[in-house]
Amino acid sequence: SSGINAEYGGMTIRQFDYSPSIQSEIESADLVIAHAGAGTALEVLRKGKPLLCVINDDLMDNHQTELAEELSREGHVVSATPGTLAEVFRGAQFDRLKPFPSVDPSLFRDFIAGVACS
């Protein structure tokens, strides 16, 4: 993915608007700052990376707000809006975020087996 690289305060910052696959970006990151879309948030959390979700508060029927607030309430992410991003970033304690639970595929399989056999 093409993007902009910058050095700031001992950090390497990589910014890009869109990438069809961000897996390699996530894997190499120490911190991910991304929109609060479900796919992106889950991909980052499954990789065990700290996440600062930036909620697009201009969306109608904004699922990003609900998802980011719930994940934040559970202690898995830090959330902000574009207007609060700098302040939230400065005060965030990313080392206190809780790991996101791993997926247990047998739960779905067992549920379907139970429905099919009843």
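Higher on the page you've got the structure.
Residues numbered from 1 in each chain as written. Predicted model: local features only at pLDDT ≥ 70, side-chain atom pairs only at ≥ 80, totals over all residues. Heavy atoms only, no water.

**Student:** For this particular structure, what's the right way to read the overall build of the protein chain?
**Tutor:** Scanning the protein chain from terminus to terminus reveals five helices and five strands. For the protein chain, the sequential pattern of α-helices and β-strands runs β-β-α-β-α-β-α-β-α-α. For the protein chain, the proportion of its 118 residues judged to be buried stands at 25%. For the protein chain, long-range pairs separated by at least 24 residues make up 39% of all intrachain contacts whose partners lie at least 6 apart in sequence. For the protein chain, the computed accessible surface area is about 8,400 Å², with 55% contributed by carbon and sulfur atoms. Within the protein chain, one finds 9 positive and 17 negative side-chain charges whose respective centroids are separated by 7 Å. (Helix = DSSP H or I, 4+ residues; strand = E, 2+ residues; numbered from the N terminus. Buried < 20%, exposed > 50% of the residue type's maximum accessible area, 1.4 Å probe, protein only. Contact = heavy atoms within 4.5 Å. Areas by Shrake-Rupley, 256 points an atom, 1.4 Å probe, with all protein chains shown as cover. Lys, Arg positive; Asp, Glu negative; His and termini not counted. Charge placed at Lys NZ, Arg CZ, Asp CG, Glu CD.)

**Student:** Could you clarify how one ought to interpret the nonpolar core in this entry?
**Tutor:** Soluble globular proteins tend to bury their nonpolar side chains together. One finds Val-32, Leu-51, Cys-53 and Val-77 to be the most contacted residues of the largest nonpolar core, which totals 15 residues. Elements with a minimum of two residues in this core: β3 (32-35), α2 (38-46), β4 (51-54) and α3 (63-73). Considering each element in turn, this core owes the most residues, three residues, to α2. Ignoring anything within four residues of it in the chain, the contact list for Val-32 reads Ile-26, Val-44, Lys-49, Pro-50, Leu-51 and Leu-52. (Core = buried A, V, L, I, M, F, W, Y, C linked by side-chain atoms within 4.5 Å.)

**Student:** Would you mind showing me how to read the environment of Gln-64 here?
**Tutor:** Inspection of the secondary structure puts Gln-64 in helix α3. Here Gln-64 falls in the buried class, since its relative accessible area comes to 6%. The spacing of Gln-64 and Asp-104 is 40 residues in sequence and 25 Å in space, taken between C-alpha atoms. When residues no more than four places from it in sequence are discounted, the contact partners of Gln-64 are His-35, Ala-36, Gly-37, Val-54, Ile-55, Asn-56 and Leu-59.

**Student:** For this particular structure, what's the right way to read the pairing of β4?
**Tutor:** Residues in a regular strand point their side chains to alternate faces of the sheet. Of the two faces of β4, both are covered, the one formed by Leu-51 and Cys-53 as well as the one formed by Leu-52 and Val-54. Where β3 meets β4, four bridges bridge the pair, whose relative direction is parallel. Looking across to β4, one finds that Ile-33 is bridged to Leu-52. Tracing the backbone out of β3, into α2 and back to the parallel element β4 gives a crossover that is right-handed. Of the strand pairs in this sheet, β4 and strand β5 (residues 78-80) are connected by three bridges, and their pairing is parallel. Note that in β5 the partner of Leu-52 across the bridge is Val-78. (Pairing = 2+ DSSP bridges. Right-handed = clockwise from strand over helix to strand, strands pointing away.)

**Student:** Would you mind going over the environment of Ala-34 with me for this structure?
**Tutor:** With respect to the helices, strands and loops of the structure, Ala-34 is situated in strand β3. Considered as a pair, Ala-34 and Ser-79 are 45 residues apart in the sequence and their alpha carbons are 9.8 Å apart. Excluding anything up to four places from it in sequence, Ala-34 contacts Thr-40, Leu-51, Leu-52, Cys-53 and Val-54.

**Student:** Teacher, can you tell me more about α3 here?
**Tutor:** Among the residues of α3, those classed as buried are Gln-64, Ala-68 and Leu-71. The buried residues of α3 all sit within an arc of 70° when viewed along its axis, so they share a single face. Turned more than 90 degrees from where α3 packs its buried face, Glu-66 and Arg-73 sit exposed. The inward-facing, buried residues of α3 abut β3, α2, β4 and β5. Gly-75 sits one or two positions beyond α3 and adopts a positive phi of about 85°. (Arc of directions from axis to C-beta.)

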